[in-house]
Every structure is written in structure tokens, then in C-alpha cells.
Amino acid sequence: MTKLTDPRKDYDAVIVGARCAGAATAMLLALRGLRVLAIDRGARGTDTLSTHALMRGAVAQLARWGLLDAVRAAGTPPVETATFHYGDEAVAVPIRPGAGFDALYAPRRTVLDRVLADAARDAGATLAFGCSLDALIGDGSGRVCGIRYRDRDGTPVTAHARIVIGADGVRSKVAEFAGAATPVQGKSASAMLLGYFGGLENRGYHFLYRPGLTGGVIPTNDGQSCVFVGFPAGTGGGPDAATRFRQGLSEIAPWLAEAVARCDPAGRLRFFGGVRGYLRQAHGPGWALVGDAGYFKDPATAHGITDAFRDAELLARAVAAGDERALEDYQHLRDALSLPLFGVTDSIASFDWTLDQLKPRLATLSEAMQTEVRVLQTVVSRTPLPAFRPRRQTGLAMAG
């Protein structure tokens, strides 16, 4: 590991983005004794567009990290079944208890992102919110060695690091500035309208499918459920969004449309216009990508947070190992686990399927998710984390 000289400016890792992927990576690196700075342009714990659903892998990681109790304590309801609706046919799948958990959870991002940020801070990372990235710094040989950014007061700041990690989402500036290639690009994208409604009974996750439409119900905090309708990108937004949402619900699940009509909406509907999925190059000289910055797939399968946690775990182990071979292994394993999930999700987002064609695709998705969990458990068992010992120190307090 490169010896660091200036404790005020030099870090082992600088992370751009401090939400699910970035905060988790910061926490995992700090727990291994690395000096970490994570910056984010937003404020701590602010909301963001999300379907919220955590799959088995993500819940298992929260339990292993000692953070699941905090998610539960915030009033996040347990999810004990996942029901798949193929037109009028409903197939309910009970959630089997796993290591350290007895249900799935779907916390609001105002809950989850705050829990992760606080855990990163308590592990010893420095977090700074309200900051914007200006540029990557090079060492003259083509290797990234830090960043220039503006803090929440607009003051220019320079931070040097052994590695700069982009966890800054779909429109990642780190990926752009580093010139990350995109070797895998999806062909399809779905748009989505979603809203929050109180008063719906918690009957677990519901995933709904009819030709030309997808949808779902995901119970979350404050007695609310996230209800969404998905359709081919390029339709459904604008001033008729509310009408399109109601029509979509009525077409895909009349029983749900009737239930939602009796509920008071918690805020306005939110619209996601669709982004084609991709796998970007995961690392280069002095830089790496994690979460949506490196790998994004359509939200049709609600698996984004789960994969962000997975890749945070894999990348943190590679960075802690301190050599390029470990980063190459990170990209290889990320891609091997991601491609089956990516392919199925892209095919669902195409809406080019009948219900009979969809069922085996979802079975393939389930198999890929199970493989993901098994592989991650194997990786974790080889190199367990140190015991969690919060170590708030002067100079390491979280800003923002």
C-alpha cells in the first residue's frame, strides 16, 4: 500500500457518490483500516427515485454488516412473500429465512442511505455532502491519483488518493472523465410511473405482468407502499401521467387499481423515462466504478440495490488487496454474475414476450440470483470482515 503523507488531503480511497454503492464501499474499506473520503452532491439521507426492493443477497449483507436492525428500527415492514401475477394467474412464493434474517425489506432511500452513511462514518470514513466533482487528477503517467471538487460552500478542494472510485450513478462523471469503455450495451428500456400510497395492506412484494405492461407493489416505510407501472420507453410521461398510471393499473390488475383509488397518495407521481442498461469497464489506472456508475440494468426486475451491495463488497476486497490483479478479478466476477441478470432484465424491458414466454425468463432470473448469493457467501467466508468497532475520531466527522 502506498504510504500517505498528508492526513488532511491524502487518502487510500476517494469515493464520488455516497448513496447505496458509495457509502457501503466507504464503510467496508474503512473497516479494513483504509483512510477513505466519500463525497456526494446531495444532502445526507435525501430521497431519490427507487423501487426500494431488497432481494435476498442485499438483506443478507445488511445482516452481516450489522445494519439490518437499524433498517427494522426505522419501521421498515417485513416482506414474507413475493407474488408473481401473470395476467389473472397469481403464484405466491414464501420467503425462506436466511442467515441473520427472517424476511425481506424495502426501506425508503431516506432510511437506507442514511443508515449506510452513518455506518461509513462510524467505521472511520470521512463523508462530505453538497460537493460537486470538477475533475480527476492525473500523475503525469496516465494514472488517476485524486480529484478536484467543490465543497458545499463552493470552495475548491483537492484530494489525493491511491484510487478514485466512481459511485456517482448512471451519469457518472468519474466514468466520463476516466474514459471508461462500455463493452456491453442493452437494447431495451422501460419507462415507469410510480407513487406512494398509504392504507394498502402489506401482503409482500407483488410483481405484475401483462403483455405490454409490468407493475408492482412494494411495502415500505410509514405505512406506505410503492406502486409502479412500467411500459415501453417513450410513452406515459408528461401532463397525462396520472391518467396513464390509472389506466395502466386498471389494465394490469383491476383489483389493485380499485385498492389504490381508495388510498390517499403521499405526494406526486414520479416518472422514469427509461435508460438502456450497460456494463462499463470496471476499473483502470487509479480508478474503479461501482453501483450504477459501472453497471446499470432496467428497473423492471428491481434488483439494482442488491447488485450495488454485491459490487461494493467485491470492490472493497479488491481495493484492500492493493494490486491490479485484484481489480481485474473484481471486473471478471462482477461481469460473470451480472450478465445473466442483465440479459433477462433487458429481454423483459423489451416487452417482446407473451406470458408463457415470460415465465421461463423469470425462472432464469431466479437461478441467477441464487448463484449470486452462493458466490458472494463463498467470497465472504474466505476473508471475513474485522469485527465492527465504531471509531469516530476528530477530523473524521461527517460534514453535511
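See above for the structure.
Criteria and cut-off values
Residues numbered from 1 in each chain as written. Predicted model: local features only at pLDDT ≥ 70, side-chain atom pairs only at ≥ 80, totals over all residues. Heavy atoms only, no water. Pairing = 2+ DSSP bridges. Helix = DSSP H or I, 4+ residues; strand = E, 2+ residues; numbered from the N terminus. Axes fitted to C-alpha atoms, helices over the stretch in contact; angles between N-to-C directions. Left-handed = near helix turned anticlockwise from the far one by under 90°. Contact = heavy atoms within 4.5 Å. Nonpolar A, V, L, I, M, F, W, Y, C, P; charged D, E, K, R; others polar. Core = buried A, V, L, I, M, F, W, Y, C linked by side-chain atoms within 4.5 Å. Buried < 20%, exposed > 50% of the residue type's maximum accessible area, 1.4 Å probe, protein only. Expected span 1.5 Å × (residues − 1). Salt bridge = Lys/Arg side-chain N within 4 Å of Asp/Glu carboxyl O. Parallel < 35°, antiparallel > 145°, perpendicular 65-115°, else oblique.

A. Just the sheet that holds strand 15 (residues 278-279), in detail. Pairing within the open sheet is antiparallel, and its 3 strands lie in the order 9-15-18. Edge positions in the sheet fall to strand 9 (184-185) and strand 18 (295-296), since each has one partner strand and no second. Of the pairings in the sheet, the one linking strand 15 to strand 18 comprises 2 bridges and is antiparallel in character. Opposite leucine 279, over in strand 18, you have tyrosine 295 as the bridge partner.

B. Quick look at the packing of helix 1 (residues 20-31) against helix 8 (residues 304-321). Their axes nearest at 8 Å, the elements helix 1 and helix 8 cross at an angle of 35°. Considering the relative orientation of helix 1 and helix 8, their crossing is right-handed. Contacts between helix 1 and helix 8 involve Cys20, Ala21, Ala24, Thr25, Leu28 and Leu29 from the first element and Ile305, Ala308, Phe309, Ala312, Glu313, Ala316, Val319 and Ala320 from the second. Residues of the contact of helix 1 with helix 8, tallied by class, amount to 12 nonpolar, 1 polar and 1 charged.

C. Summary view of the nonpolar core. In this structure, Leu62, Leu116 and Tyr205 are the most contacted members of the largest nonpolar core, which totals 97 residues. Sorting elements by how many residues they give to this core places helix 1 first, with 10 residues. Excluding residues within four positions of it along the chain, leucine 62 makes contact with Leu54, Leu67, Leu68, Val71, Leu112, Leu116 and Phe309.

D. Layout of helix 8. For helix 8, built from 18 residues, the straight-helix expectation of 26 Å at 1.5 Å per residue is met to within 8% by its first-to-last C-alpha distance of 26 Å. The buried fraction of helix 8 is high, at 15 of 18 residues. Phi turns positive, to about 80°, at glycine 322, one or two residues after helix 8.

E. View of the pattern of salt bridges. Counted by the stated rule, this structure contains 22 salt bridges. Arginine 143 serves as the salt-bridge partner of glutamate 324, at 3.2 Å between the closest nitrogen and oxygen. In this pair, glutamate 324 sits in helix 9 (residues 324-349) while arginine 143 sits in the loop between strand 6 (132-138) and strand 7 (144-150), placing the two residues 181 residues apart along the sequence. Given a relative accessible area of 33%, glutamate 324 falls into the partly exposed group. The partly exposed category is assigned to arginine 143, whose relative accessible area is 30%. Aspartate 307 is paired through a salt bridge with lysine 297; the nearest N and O atoms lie 2.5 Å apart. With a gap of 10 residues between them, aspartate 307 in helix 8 and lysine 297 in the loop between strand 18 and helix 8 connect regions that are remote in the sequence. With relative accessibility at 8%, the residue lysine 297 sits in the buried group. By sharing partners, the salt bridges in this structure join Lys297, Asp307, Arg310, Asp311 and Glu372 into a single network.

F. Highlighting the pairing of strand 12 (residues 213-219). In terms of residue burial, strand 12 counts as a mostly covered element, since 7 of its 7 residues are buried. Side-chain alternation along strand 12 places Leu213, Gly215, Val217 and Pro219 on one buried face and Thr214, Gly216 and Ile218 on a second face that is also buried. Note: strand 11 (residues 205-210) against strand 12, 5 bridges, orientation antiparallel. Pairing of phenylalanine 207 across the sheet is with glycine 216, part of strand 12. Counted between consecutive antiparallel strands, the loop separating strand 11 from strand 12 contains 2 residues, among which glycine 212 sits at a positive phi close to 85°. Across 6 bridges, strand 12 lies against strand 13 (residues 224-232) in antiparallel orientation. Note that in strand 13 the partner of glycine 215 across the bridge is valine 229. With antiparallel pairing between neighbouring strands as the criterion, strand 12 and strand 13 make up a hairpin whose turn holds 4 residues, including aspartate 222 at a positive phi of roughly 65°.

G. Molecular detail of the sheet that holds strand 4 (residues 89-94). Ordered by their spatial adjacency, 7 strands build an open sheet running 4-3-11-12-13-10-14, and the pairing between neighbours is mixed. The sheet is open, and its two borders are formed by strand 4 and strand 14 (270-272), each paired with just one other strand. Across the sheet, the mean angle from the axis of one strand to that of its neighbour is 15°, orientation sign disregarded. Sheet topology note: the strand 3 (residues 81-86)/strand 4 ladder contains 6 bridges and is antiparallel. Bridging across to strand 4, threonine 83 finds its partner in alanine 92. On top of the sheet, helix 6 (residues 241-252) reaches strand 10 (190-198), strand 11, strand 12 and strand 13; it is set at about 90° to strand 13, its chief contact.

H. Representation of the packing of helix 8 against helix 10 (residues 355-382) within the structure. Where helix 8 contacts helix 10, the axes come no closer than 11 Å and their chain directions differ by 25°. Classified by the angle between their axes, helix 8 and helix 10 sit roughly parallel to one another. Considering only the axes of helix 8 and helix 10, their crossing is left-handed. Contacts between helix 8 and helix 10 pair Thr306, Asp307, Arg310, Glu313, Leu314 and Arg317 from the former with Glu372, Leu376, Val379 and Val380 from the latter. The class makeup of the residues in the contact of helix 8 with helix 10 is 4 nonpolar, 1 polar and 5 charged.

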